[in-house]
Amino acid sequence: MPRLVKKLASAIGLLLAVVVLNFLLIQLAPGDPVSVIVGEMGGASEDLIAQMRAEYGLDKPVWLQLLIYIGKICTGDFGFSYYFKQPVLDLILQRLPATILLVITALITAVILGTLMGIFSARKPKGVLSHFVTIFSLVGYAAPVFWTGLMLLIVFASIFPIFPVSGMMNVRGNATWYGAVFDVLHHLVLPAVTLASIYVATYSRLSRASMLDVLGSDYIRTARAKGLSERRVVFGHALRNGLIPVVTMIGLQFGQLFAGAVLVETVFNWPGLGRLAYESILRRDYPTLLGILFFSAILVMVANILTDLAYGKIDPRIGGRRRKKARPAGARP
Amino acid sequence: MTTLPDPIGPKPAHPATEFMRAFARNQSAIIGLMLLAIVLGTTFLGPFLYPVDAYSMVDLPFAPPGGDYAPLGTDYLGRDMLAGIIEGGRATLAVGAAAAVISVVIGILVGSFAGFFGGAIDALLMKVTEFFQILPTLLLAMVLVTIFGASLVTITLAIGAVSWPQVARLARAEFMRIRKLDYVAAARTSGARNGYLIFRVILPAALPPLIVAAGLAVGAAILFEAGLSFLGLGDPNTMSWGLIIGQNRNYLLDAWWTVTLPGVAIFITVLAISLVGDGINDALNPKLRRR
């Protein structure tokens, strides 16, 4: 457990750094918040401006402003969105579930598809599938994700109209709850596939390399010599070690996955945080933008901590629990 | 008189020759090089071979490819798509290259100091690196460009400023490995100062993988610029591939070519860069050379 505590302490330190960065960005932005609000209002009297400055604490020294800002964040006050006319926190919490649904679905799809492709191509390194994986991973890397989305949009909007290409739900609403669930899933297909496409490429390449490595090791030869079926050798013994680099990559790339969500949500009008970021850029709505930056950092950190815990489960050599003796994962007694 | 066999064996080839041979044997790297030549040729020779102004109207909006006035069709303002792709390539490639240089310079500085000094300096610099890694880079760049205004310079600086952590980690690992080698100890004993050791003794040895990383960073920066332009954060006065896609996106279903073609250009460029990068990497890595 102390390892987890240390991780959490470090995460809180990093979050504090994100808050300070946000504060600096607000300071650097041309015009203070009050002048932006006044601009939005279309002008205000000198008295009102001075009163608002005092209200926002802009007449105080910078270090005190920073402390006040940190205090506000700690109490969940992320400011007020000029454009959406509601507190930033409410706005973000409304949009967060859609993003989490999209990102998690894409991640699971990418991991399962990518790993399976990696495993099968590692079994026959010179086979057709193996070449396909190599080419596919290059293509997935080189195509801009929003462009992949737009291409799918062309195909499924005009040629095969079987999936909805915009939004998260039918505009007319759904009569039953299972109708609604099906509706959301139906809308989820294209955004999730688009977002997953880049990562299927990464994970298939990665798991192919790592499975090739693992399948050549001594304990796999032992397992084969014991006469185990090929399926048990691959899925029971090799896969667990072969997955380690994939898990590392999930943790490292989670931030990029979220960045990809910004583009994909914009393409498919998916009402999540990414779409909100796009809308707040159009309106120069800094408080909302900085709130999203803060929450995305939290998401990435949660993902990193979960990855770390998953490590311990997959690879007993890394886990915090003391074992009597380190033994290769998958080699059950 | 008979010639005796040479006791040392044939003279080994110069490392550069060896590298060229290994690279030339790699089919996909050669394909990548050819694609890259096509992209650079189109971008830099294109204006002379196809002298059409990318910013002026040549036909009705959304003229399909194969028309009399525009071979690749026109965009939502009736501008020539081919001229736009040629013109946009320059900005896209320039931003990609410049942003890659910035991120590699920052990455090498951070990584070399962390790897060379170790201890508290390493811990501190790695904390900073980790900090930049938990922030989604695209989002941070979006915020920076929004605050400082969208111009080619701010976009380049923003991309460079957020994408150095990977290079820093790579440089750190290389420096940690090389600083323990004997020749570094010899240089240190002969009285070399830290600055000399870092930049003149260790850096040249650490450079090959960093050059590959720099090449791949160009591809990543091109994708990054395209994403920002697509979100409407591109420089509105300079045509780039991402900007063409972003501007025509709403008319996608009526004029597929306006969005598809610039995307193909981005795809080919990034693909070429990563094929060449992988090729250089394999040729530099003696373990993979004999495959």
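Rules and cut-offs
Residues numbered from 1 in each chain as written. Chains lettered and ligands numbered in written order. Predicted model: local features only at pLDDT ≥ 70, side-chain atom pairs only at ≥ 80, totals over all residues. Helix = DSSP H or I, 4+ residues; strand = E, 2+ residues; numbered from the N terminus. Buried ≥ 20, exposed ≤ 12 C-beta atoms within 10 Å, placed from the backbone. Contact = placed C-beta atoms within 7 Å. Nonpolar A, V, L, I, M, F, W, Y, C, P; charged D, E, K, R; others polar. pLDDT = per-residue confidence, 0-100. Axes fitted to C-alpha atoms, helices over the stretch in contact; angles between N-to-C directions. Parallel < 35°, antiparallel > 145°, perpendicular 65-115°, else oblique. Left-handed = near helix turned anticlockwise from the far one by under 90°. Domains from an automatic or database assignment. Core = buried A, V, L, I, M, F, W, Y, C linked by C-beta atoms within 7 Å.

Student: Help me understand the overall build of chain B in this model?
Tutor: Within chain B, the regular secondary structure consists of twelve helices and zero strands. Here the C-alpha coordinates of chain B stretch approximately 75 × 65 × 30 Å along the principal axes. Taking all 291 residues of chain B together, the buried fraction comes to 46%. If you take every contact in chain B between residues at least 6 apart in sequence, the share linking residues at least 24 apart comes to 69%.

Student: Can you walk me through the overall build of chain A in this structure?
Tutor: Across its full length, chain A carries 13 helices and zero strands. Across chain A, helices and strands are ordered from the amino to the carboxyl terminus as α-α-α-α-α-α-α-α-α-α-α-α-α. Once local pairs closer than 6 in sequence are excluded, the contacts in chain A between residues at least 24 apart make up 72%.

Student: Please clarify how the interface of chain A and chain B should be interpreted in this entry.
Tutor: The accessible area lost on association of the parts is a frequent measure of interface size. With 39 residues of chain A at the interface, the matching set in chain B holds 34 residues. Per-class residue counts for the side of chain A that touches chain B are 33 nonpolar, five polar and one charged.

Student: Hey, could you run me through the confidence of the model for chain B in this one?
Tutor: Interpreting fine coordinate detail is not advised for predicted regions of low pLDDT. When the pLDDT values of chain B are averaged, the result is 82; 93% of them are 70 or greater. Scored as a whole, the predicted complex attains pTM 0.82, and scored at its interfaces, ipTM 0.83.

Student: Can you help me understand the packing of helix α7 (residues 145-159) of chain A against helix α11 (residues 244-268) of chain A in this one?
Tutor: Geometrically, a packed helix pair is captured by the angle between its two axes and the distance between the axes. Residue and element names in this part refer to chain A. It is at 9 Å that the axes of α7 and α11 come closest, and there the two elements cross at 25°. It follows from the interaxial angle that α7 and α11 lie roughly parallel. For the pair α7 and α11, the crossing hand works out as right-handed. Each of Val145, Phe146, Gly149, Leu150 and Leu153 in α7 lies in contact with α11, whose residues at this interface are Gly260, Leu263, Val264, Val267 and Phe268. Residues of the contact of α7 with α11, tallied by class, amount to eight nonpolar, two polar and no charged.

Student: Just to check I follow, could you spell out the environment of glycine 96 of chain B for this structure?
Tutor: All names here are of chain B. Among the structural elements, glycine 96 can be located in helix α3 (residues 81-117). Given 27 C-beta atoms within 10 Å, glycine 96 falls into the buried group. Considering only alpha carbons, one finds glycine 96 and phenylalanine 23, 73 residues apart in sequence, at a separation of 24 Å. Once residues within four sequence positions are removed from consideration, glycine 96 is found in contact with Val218, Ala221, Ile222 and Glu225.

Student: Help me out: how do you make sense of the domain arrangement of chain A in this one?
Tutor: Residues and elements named next belong to chain A. Domains assigned within chain A are domain 1 (2-74) and domain 2 (93-326). In this assembly, eleven residues from domain 1 lie in contact with ten residues from domain 2. Tallied by class, the residues present in the side of domain 1 that touches domain 2 amount to eight nonpolar, one polar and two charged.

Student: How should the nonpolar core be read in this particular structure?
Tutor: What tends to happen in soluble globular proteins is that the nonpolar side chains get buried as a cluster. If you look at the biggest cluster of nonpolar residues, it comprises 143 residues, and the most contacted ones within it are Leu139, Ala141, Met142, Val167, Ala217 and Ala221 of chain B. For this core, the leading source of residues is helix α9 (residues 194-233) of chain B, giving 20 residues. A domain split of this core shows at least three residues from each of domain 1 (2-74) and domain 2 (93-326) of chain A. If we skip the residues at most four places from it in the chain, alanine 217 of chain B touches Ala100, Ser103, Val104, Ser163 and Val167 of chain B. Of all hydrophobic cores here, the second largest spans nine residues; its members include Ile119, Val214, Ile220 and Ala238 of chain A.

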